[in-house]
Protein chains: 2
Amino acid sequence: MSERLHAIYHVRAEASTIAVRARGIAVEQSVEMPLSAIEDSSILSDIVGQVENITDQGNGIFTVRIALAAVTIGDDAGQLLNMAFGNTSLHDDVVLHDILLPPNAFPGPKHGLKSLRARCGAATRALTCSALKPQGLTPDALARLAARFARGGVDFIKDDHGLADQEFSPFATRVGAIAAALRAVARETGRLTHYIPSLSGDLDTMRRHARLARDEGLACIMLAPMIAGVTTLRALARDFLDMAIFAHPALSGAARIAPDLLIGKLFPAFGADAVIFPTYGGRFGYSQATCQNLANTARALGSLPIPAGGMTLARVPEILDFYGMDTMLLIGGSLLDAKERLTEETGRFVHAVATH
Amino acid sequence: MSERLHAIYHVRAEASTIAVRARGIAVEQSVEMPLSAIEDSSILSDIVGQVENITDQGNGIFTVRIALAAVTIGDDAGQLLNMAFGNTSLHDDVVLHDILLPPNAFPGPKHGLKSLRARCGAATRALTCSALKPQGLTPDALARLAARFARGGVDFIKDDHGLADQEFSPFATRVGAIAAALRAVARETGRLTHYIPSLSGDLDTMRRHARLARDEGLACIMLAPMIAGVTTLRALARDFLDMAIFAHPALSGAARIAPDLLIGKLFPAFGADAVIFPTYGGRFGYSQATCQNLANTARALGSLPIPAGGMTLARVPEILDFYGMDTMLLIGGSLLDAKERLTEETGRFVHAVATH
């Protein structure tokens, strides 16, 4: 039999209809035509999706495992999503729950936990991060903000994912100003805070901006793979071997693709060195079990989990107890709310993580 | 006040909580931080999203209209999705229902209905299309299939969206073989059937393949914008002014972004000359109202609607009565099921459309 990978779906159905529905998904996600019209027997045996297992989860939900032919996908990240969930994403009775990939189907992260730890000289503690916002600020205002975070001792500062290449803050000007501000703080303190600019636009623009970031001495970039396209993530990971890539979850529509699969497994497989995700207990609704599984899956693939989305200083001990030290903590808006005490509040964040 | 565009959401909430929830979305989709921490009053007035209207739809669903600052988006298709639904897509109580764009915010299609009609010499009737499948066939087998469809007189033939750049059918070999087969049929019949190859991979690969298609004399290409990234669609529309771009709905996860918005409005705005969508009454669950609205919206923007996904010959009159003549009909698997009578069945399809 041809090499297969396994897609696992949660399907809402009746016990009397699930077998037919499962076969329907297997056909939709492979040949997408009546099997009766296929004359080549090797296509029926080697290409058509095969229903391997159906399990009743109760509450009208069934787990369906379907074997898809690896040869229909190759090493194309977009084609993986296409074959696993392309048309079936249009059906509202199905969630893509997991994909079991053959080993080394995709190259995975180049700069995971170890590399990011090394850049900060943080051997065992969790890493810290904050975010530059709100959008609407000028590059100079963002650079002053970055300097205050840096004086507080945070390891990384990321752009708000809303910052793009806008009139009020063009990418080139912003990145230049912020990188310069962080170098200036490093000359005072002896400690460089790493800046992660957010890339937007098409692949050409992202490449141009990534080169610009590299020219400023930066070694990290961020993008939202579900907006940019997963093949864009793969292309950047291949073209910028020296830069760590942070994946942002925007537009991940996680109600239909399980977040631990999409963010925890696929983004790392496609080259994300670190994955930002909305933690339980914040502004988003992921369960503890989902978050734990997402973080563990990402780590197992060599990618650094970054719980975010409503984090506060008060929650640092709880979050570290839950996720452990192989984690980067990202507090954004809640630090900004300290206003004139921002540097001190950032210092408290850094201290809380370092001494946990 | 700064120029605004308007995002309209359907939100599941209680009457007592909807006002707070709506303000939460407005903040999440603009500055994503506590408003109390924003010191610049022009950001509060010009950048922060503003809740303009909340309407109770009954059944626990509210329509919320939020004004977003146009300057946060510019002309970046990805940034539009990011600002309209980036983080909010992660919340399962919200569907992005519509976006009201400023006029000419995006360039829109270049080769819509009129141009596609002219290519086929079809002044008023609906256009016809079929699909090459199953994947697993060799380029030669696909080319023979294409020739049989062409002898039946169909206007367009598209690749199955599962066809990529696979071992069993590499893009270059496939496109060369199919284009040659269609030219050979045209020499016999005097009538050229237009071939629409499906692009996959990253932007570089898609550009290389689009050039290859152009070198074969082809003038149409297809891609799935939600897999490739909407900025990839925009880049191809800009780079291949002479080619018509067909948008495939794979991974559109339409349960969370209204399909008439995503497929009917945004794909055309970003440059799709024709949009394929799953029609009511087929394998997918869109309502007649959604399909009607999707088709009308696409047409109003100059893009050609292509109902598909379980179409049959028997449904041609009904579908034409419903969608009208400014439509391309796509029948794939159901024609293939005719097997050795494929050319004749294609001829009946073409005749049914021409004489309706």
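These numbers were taken from a predicted model, which means no experiment stands behind them.

### Side note on the sheet that holds strand E3 (residues 61–69) of chain B
Residues and elements named next belong to chain B.
Consideration 1: Ordered by their spatial adjacency, four strands build an open sheet running E2-E3-E1-E4, and the pairing between neighbours is antiparallel. Lying at the two open borders of the sheet, with one neighbouring strand each, are strand E2 (50–58) and strand E4 (94–100). Shown here is a sheet whose adjacent strand axes are inclined to one another by a mean of 20°, direction ignored.
Consideration 2: Relative to E4, strand E1 (residues 4–12) runs antiparallel, the two being bridged by six bridges. What sits directly across from Val11, in E4, is Val94.
Consideration 3: Running over the sheet, helix H3 (residues 77–85) touches E1, E3 and E4 and is turned about 130° from E4.

### Description of the pairing of strand E5 (residues 127–132) of chain B
All names here are of chain B.
Consideration 1: Taking burial as the measure, the six residues of E5 include six buried ones, the bulk of the element.
Consideration 2: In this sheet, strand E12 (residues 328–330) lies alongside E5 in parallel orientation, the contact comprising three bridges. The residue of E12 that forms the bridge with Thr128 is Leu329.
Consideration 3: The pairing of E5 with strand E6 (residues 156–159) spans four bridges and is classified as parallel. Within E6, the residue paired with Cys129 across the bridge is Phe156.
Consideration 4: With respect to chirality, the unit in which E5 leads through helix H5 (residues 139–151) into the neighbouring parallel E6 is right-handed.

### Let's talk about the relation of the copies chain A and chain B
Consideration 1: Laying chain A over chain B is done by rotating through 180° and shifting 0.0 Å along the axis; what remains is an RMSD of 0.0 Å. Each copy turns onto its partner about a two-fold axis. Among all residues of chain A, the one whose C-alpha sits closest to the rotation axis is Gly229(A), at a distance of 2.0 Å.
Consideration 2: Mapped onto chain B, 99% of the interface residues of chain A again fall at the interface, so both copies present the same surface.

### Some remarks on the packing of H3(B) against helix H9 (residues 230–239) of chain B
Residue and element names in this part refer to chain B.
Consideration 1: At a minimum axis distance of 7 Å, the contact between H3 and H9 shows a crossing angle of 155°. It follows from the interaxial angle that H3 and H9 lie roughly antiparallel. The hand of the H3/H9 crossing is right-handed. From H3, Ala77, Gly78 and Leu81 reach across to H9, where they touch Val230, Thr231 and Arg234.
Consideration 2: Across the contact of H3 with H9, the residue classes tally to three nonpolar, two polar and one charged.

### Comments concerning the interface of chain A and chain B
Consideration 1: Across the boundary between the two partners, chain A contributes 73 residues, which contact 72 residues of chain B.
Consideration 2: Both faces combined, the contact of chain A with chain B buries some 5,800 Å², and carbon together with sulfur accounts for 57% of it.
Consideration 3: Counting the contacts that link chain A with chain B gives eight salt bridges.
Consideration 4: One salt bridge connects Arg238(A) with Asp204(B), and the closest N-O pair in it is separated by 3.9 Å.
Consideration 5: Across the contact surface, chain A and chain B share 34 residue pairs in polar contact (both at pLDDT 80 or more).
Consideration 6: Within the residue set of the side of chain A that touches chain B, elements represented by two or more residues are helix H3 (77–85), helix H7 (203–215), helix H8 (225–228), helix H9 (230–239) and helix H13 (333–336) of chain A.
Consideration 7: Here the side of chain A that touches chain B gets six residues from one element, more than from any other, and that element is H3(A).
Consideration 8: Looking at the side of chain A that touches chain B residue by residue, the classes come out as 32 nonpolar, 24 polar and 17 charged.

### Description of the environment of Ala272(B)
Residues and elements named next belong to chain B.
Consideration 1: With respect to the helices and strands, the residue Ala272 is situated in the loop between helix H10 (259–269) and strand E10 (274–278).
Consideration 2: Of the residues examined, Ala272 reaches a relative accessible area of 0% and is grouped as buried.
Consideration 3: Those residues within four positions of Ala272 in sequence are excluded, and the remaining contacts are Pro109, Leu233, Ile245, Ala247, Phe267 and Ser303.

### Some remarks on a negative patch on the surface
Consideration 1: A cluster of acidic residues, Glu340(A), Glu344(A), Glu39(B) and Asp40(B), forms a negative patch at the surface.
Consideration 2: Here Glu39(B) lies in the loop between helix H1 (18–28) and helix H2 (41–46).

### Re the domain arrangement of chain A
All names here are of chain A.
Consideration 1: Its domain assignment divides chain A into domain 1 (4–100) and domain 2 (113–354).
Consideration 2: Relative placement of domain 1 and domain 2: their C-alpha centres are 35 Å apart.
Consideration 3: Between the two partners, domain 1 and domain 2, sit two salt bridges.
Consideration 4: Of the charged contacts, one joins Asp98 and Lys265 as a salt bridge, the two residues approaching to 2.8 Å between their closest N and O atoms.
Consideration 5: Summed over the shared surface of domain 1 and domain 2, the number is four residue pairs in polar contact (both at pLDDT 80 or more).
Consideration 6: When contributions to the side of domain 1 that touches domain 2 are tallied by element, the ones reaching two or more residues are H3 and strand E4 (94–100).
Consideration 7: A per-element tally of the side of domain 1 that touches domain 2 places E4 first, with seven residues.
Consideration 8: Class assignment of the residues belonging to the side of domain 1 that touches domain 2 gives a composition of nine nonpolar, five polar and four charged.

### Description of the pattern of salt bridges
Consideration 1: Taken as a whole, this structure holds 41 salt bridges over all chains when the rule is applied.
Consideration 2: A salt bridge links Arg207(B) to Asp204(A); its shortest N-O distance comes to 2.3 Å. Linking Arg207(B) in helix H7 (residues 203–215) with Asp204(A) in helix H7, this pair reaches from one chain into another.
Consideration 3: For Asp93(B), the salt bridge is made with Arg21(B), and the minimal N-O distance between the two is 2.7 Å. Residue Asp93(B) is located in the loop between H3 and E4, and its partner Arg21(B) is located in helix H1; the two are separated by 72 residues in the primary sequence.

### Re the packing of aromatic side chains
Centre distance and the angle of the planes are the two values used to describe a pair of aromatic rings.
Consideration 1: Throughout the structure, instances matching the rule amount to twelve aromatic pairs over all chains.
Consideration 2: Relative to Tyr323(B), the ring of Phe277(B) lies with its centre 5.8 Å away and its plane at 70°, an arrangement referred to as edge-to-face. Here the residue Phe277(B) occupies a position in strand E10, and Tyr323(B) occupies one in helix H12 (residues 316–323), the gap between them amounting to 46 residues. By the burial criterion, Phe277(B) is buried, and Tyr323(B) matches it.
Consideration 3: Here the guanidinium or amino end of Arg315(A) rests over the ring plane of Tyr280(A), the centre of that ring lying 5.4 Å away.

### Considering H12(B)
Residues and elements named next belong to chain B.
Consideration 1: Taken as a whole, H12 has its buried residues at Val316, Ile319, Leu320, Phe322 and Tyr323. Taken around the axis of H12, the buried residues stretch over an arc of 160°, which confines them to a single face.
Consideration 2: For H12, the secondary structure elements touched by its buried residues are E10, helix H11 (288–300), strand E11 (304–308), E12 and helix H14 (342–354).
Consideration 3: Gly324 sits one or two positions beyond H12 and adopts a positive phi of about 80°.

### Details of H11(B)
Along an α-helix, residues three or four positions apart point the same way, because every turn accommodates 3.6 residues.
Residue and element names in this part refer to chain B.
Consideration 1: Helix length check: H11, at 13 residues, gives a terminal C-alpha distance of 18 Å against a target of 18 Å (1.5 Å per residue), a fit within 8%.
Consideration 2: Taken together, the buried positions of H11 are occupied by Thr290, Cys291, Leu294, Ala295, Thr297 and Ala298. End-on view of H11: buried residues confined to an arc of 165°, all on one side of the axis. Residues of H11 that are exposed and point over 90 degrees away from its buried face: Ala289 and Ala300.
Consideration 3: Just beyond H11, the residue with positive phi is Gly302, at close to 90°.

About the cut-offs
Residues numbered from 1 in each chain as written. Chains lettered and ligands numbered in written order. Predicted model: local features only at pLDDT ≥ 70, side-chain atom pairs only at ≥ 80, totals over all residues. Heavy atoms only, no water. Pairing = 2+ DSSP bridges. Helix = DSSP H or I, 4+ residues; strand = E, 2+ residues; numbered from the N terminus. Axes fitted to C-alpha atoms, helices over the stretch in contact; angles between N-to-C directions. Contact = heavy atoms within 4.5 Å. Buried < 20%, exposed > 50% of the residue type's maximum accessible area, 1.4 Å probe, protein only. Right-handed = clockwise from strand over helix to strand, strands pointing away. Least-squares fit on C-alpha atoms with pLDDT ≥ 70 in both. Parallel < 35°, antiparallel > 145°, perpendicular 65-115°, else oblique. Left-handed = near helix turned anticlockwise from the far one by under 90°. Nonpolar A, V, L, I, M, F, W, Y, C, P; charged D, E, K, R; others polar. Buried area = accessible area lost by both parts, 1.4 Å probe. Salt bridge = Lys/Arg side-chain N within 4 Å of Asp/Glu carboxyl O. Polar contact = N/O pair within 3.5 Å; in protein donor to acceptor, adjacent residues only side chain to side chain. Patch = residues over 30% accessible without salt bridge, like charges linked within 9 Å, V, L, I, M, F, W, Y side chains within 5 Å. Areas by Shrake-Rupley, 256 points an atom, 1.4 Å probe, with all protein chains shown as cover. Lys, Arg positive; Asp, Glu negative; His and termini not counted. Charge placed at Lys NZ, Arg CZ, Asp CG, Glu CD. Domains from an automatic or database assignment. Phe/Tyr/Trp six-rings, centres within 6.5 Å; stacked < 30°, edge-to-face > 60°. Lys NZ or Arg CZ within 6 Å of the ring centre and 35° of its normal. Arc of directions from axis to C-beta. Expected span 1.5 Å × (residues − 1).

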